Amino acid sequence: MPRRPTRTVPTALLTGPQSEGAWPAWLAAQLKAAGRDVRQLRIDAGEPKPDDLTDLVQDWPQDGFDVVAHGWGCLLWLRHVAAGAPGPRPARVALVAPPSATEAPDGLAAFYPVPLDIDAVRRAADGTVLVGSDNDPACPAGVALDYGAPLKMATSVLPGAGGLTAADGFAEWSAVLDWCGRDNLAFRV
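A brief look at the structure comes next.

1. As for the packing of helix H2 (residues 50-57) against helix H3 (residues 72-82)
When two helices pack together, their arrangement is given by the angle between the helix axes and by the axis-to-axis distance.
Now for step 1: Close contact between H2 and H3 brings their axes to 8 Å; oriented N to C, the two are set at 90°. On the basis of the axis angle, H2 is roughly perpendicular to H3. Mapping the contact onto sequence places Pro50, Leu53 and Thr54 in H2 and Leu76, Trp77, Arg79 and His80 in H3.
Now for step 2: Tallied by class, residues from the contact of H2 with H3 come to 4 nonpolar, 2 polar and 1 charged.

2. Concerning the environment of aspartate 52
Now for step 1: Along the chain, aspartate 52 falls in helix H2.
Now for step 2: For aspartate 52, a relative accessible area of 32% gives the class partly exposed.
Now for step 3: Counting along the chain gives 127 residues from aspartate 52 to tryptophan 179, while the straight-line C-alpha distance between them is 25 Å.

3. Description of the pairing of strand E6 (residues 155-158)
Now for step 1: Here E6 shows a buried face lined by Ser156 and Leu158 and an unburied face lined by Thr155 and Val157.
Now for step 2: When strand E5 (residues 127-133) meets E6, the two strands line up parallel, connected through 4 bridges. In the strand pairing of E6, valine 131 is matched with serine 156.
Now for step 3: Handedness of the crossover is the feature at issue here: the chain leaves E5, passes through helix H5 (residues 143-148), returns alongside E6, and the resulting connection is right-handed.

How each quantity is defined
- Residues numbered from 1 in each chain as written.
- Predicted model: local features only at pLDDT ≥ 70, side-chain atom pairs only at ≥ 80, totals over all residues.
- Heavy atoms only, no water.
- Axes fitted to C-alpha atoms, helices over the stretch in contact; angles between N-to-C directions.
- Helix = DSSP H or I, 4+ residues; strand = E, 2+ residues; numbered from the N terminus.
- Parallel < 35°, antiparallel > 145°, perpendicular 65-115°, else oblique.
- Contact = heavy atoms within 4.5 Å.
- Nonpolar A, V, L, I, M, F, W, Y, C, P; charged D, E, K, R; others polar.
- Buried < 20%, exposed > 50% of the residue type's maximum accessible area, 1.4 Å probe, protein only.
- Pairing = 2+ DSSP bridges.
- Right-handed = clockwise from strand over helix to strand, strands pointing away.

Right under this line is the structure:
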């Protein structure tokens, strides 16, 4: 059987400090080595700036790129779509290990309350996937309860994967690379 061509669209990575040494840097290197345009925006404590994301992708084609957000990056994405920020619309979005939707981590009070606007999330991309674990200390209620249920979104749950950080064994993560290389939305854990 012939091999399907690999997806080659640009990818925006939205990360926070919890991503240091974890799979987002590895993913960026893998995608760049494959000739993909990759841009990364690191989210630090302080005021959420949805315009930072708009600036990052403003020259990319409408429905012609992917967004992969990890941890705090998920909060920026949700703020971006709830604010109706301008800019091109991505084809697909992966929200990975978002922190609690109800309890603000230190320094992130400005991101709360987390806007869980079903319609805004659905309008913001052709499709969005939600991935997390069943024991993430930053999301004690669980990603399915905090985000999946309010957003009416199926959730891929990785048992015992913590916050999907380097400390949890996710310095490299082939499943996210596989998702970036396929055209369909499903996330295979």
